[in-house]
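Fold and geometry: a report
If you want the building blocks of each chain, they are given just below.
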Amino acid sequence: MDLFSNPELIRNMRAQLRWGRMISVAAICAVLSLVVGYALAHSGPPGNWGMQLLQIALGTQAVALVLGGSIACLNAIHREKEMNTFDFQRVTRLTPWELAIGKLFGAPVVVYFAVLCLMPAALVGAVV
């Protein structure tokens, strides 16, 4: 089965990727990138701020993927158990593999989007 035709993944992506949420995440990432980049550019040695920006951006992306992704996965499973829909998902025609892939890649899709939004800051740091 193709990864993007997984019904659980599609359901989680539709629930997580709403326009309002995506715009707010992109705006927060843009403001944070600009503030950190501007602060680094105007403090310290002139040629060193690009490497610091790259390190901060990549570190933030790694922390967001590890912590945000795991918290989102655990929260999705906990929410399913609270709503008593977790047992219904296990009796669907989805295989356990498809259900696990849908939870692991679908629940933290907002975190993936935030990491993608931090990519321009990392690219600017790498170029500088």
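Up top is the structure these notes are about.
Residues numbered from 1 in each chain as written. Predicted model: local features only at pLDDT ≥ 70, side-chain atom pairs only at ≥ 80, totals over all residues. Heavy atoms only, no water.

Comments concerning the packing of helix α2 (residues 19–41) against helix α6 (residues 109–117)
- It is the contact of α2 with α6, at a shortest axis distance of 9 Å, that shows an interaxial angle of 35 degrees. Along this stretch, α2 crosses α6, giving a crossing that reads as right-handed. In this structure, α2 uses R21, M22, V25, A26 and C29 to contact α6, whose residues at the interface are V110, F113, A114 and C117.
- Grouping the amino acids of the contact of α2 with α6 by side-chain chemistry returns 8 nonpolar, no polar and 1 charged. (Axes fitted to C-alpha atoms, helices over the stretch in contact; angles between N-to-C directions. Helix = DSSP H or I, 4+ residues; strand = E, 2+ residues; numbered from the N terminus. Left-handed = near helix turned anticlockwise from the far one by under 90°. Contact = heavy atoms within 4.5 Å. Nonpolar A, V, L, I, M, F, W, Y, C, P; charged D, E, K, R; others polar.)

Observations regarding the nonpolar core
- Core analysis: the largest hydrophobic core is formed by 8 residues, namely M22, V25, C29, V110, F113, A114, C117 and L118.
- For this core, the elements supplying multiple residues, two or more each, are α2 and α6.
- When residues in this core are grouped by element, the largest group, 4 residues, is from α6.
- Setting aside anything within four residues of it in sequence, one finds C117 in contact with A26 and C29. (Core = buried A, V, L, I, M, F, W, Y, C linked by side-chain atoms within 4.5 Å. Buried < 20%, exposed > 50% of the residue type's maximum accessible area, 1.4 Å probe, protein only.)

Brief notes about the layout of surface pockets
- Put simply, the largest pocket is a space of about 210 Å³.
- Forming the boundary of the largest pocket are 13 residues, of which C29, L32, S33, T60 and L118 lie nearest the centre.
- At the level of elements, α2 and α3 (49–82) are the ones that each hand at least two residues to the lining of the largest pocket.
- Counting residues per element, the lining of the largest pocket draws most heavily on α2, which supplies 6 residues.
- Here the residues of the lining of the largest pocket sort into 11 nonpolar, 2 polar and no charged. (1 Å grid on protein atoms, 1.4 Å probe; cavity = no way out; pocket = protein on both sides within 12 Å on 5 of 7 lines; lining within 4 Å. Points joined across faces, edges and corners; volume = space filled by probe spheres on them.)

Structural notes on the environment of E98
- Residue placement: E98 occurs in helix α5 (residues 96–106).
- When its relative accessible area of 15% is taken as the criterion, E98 is described as buried.
- As a C-alpha pair, E98 and D2 span 96 residues in sequence and 9.9 Å in three-dimensional space.

Let's talk about the environment of G68
- The residue G68 is located in helix α3 in this model.
- Between the C-alpha atoms of G68 and A114, which are 46 residues apart in sequence, the distance is 10.0 Å.
- Setting aside its immediate chain neighbours within four residues, G68 contacts V63 and V111.

A look at the pattern of salt bridges
- Under the definition given, this model contains 4 salt bridges.
- With its nearest N and O atoms 2.7 Å apart, the salt bridge here joins E8 to R11. Of this pair, E8 and R11 both sit in helix α1 (residues 7–16), 3 residues apart, which is roughly one turn of the helix.
- Assessed through its relative accessible area of 3%, E8 is described here as buried.
- With its nearest N and O atoms 2.8 Å apart, the salt bridge here joins R11 to E80. With R11 in helix α1 and E80 in helix α3, this residue pair connects regions lying 69 residues apart in the sequence. (Salt bridge = Lys/Arg side-chain N within 4 Å of Asp/Glu carboxyl O.)

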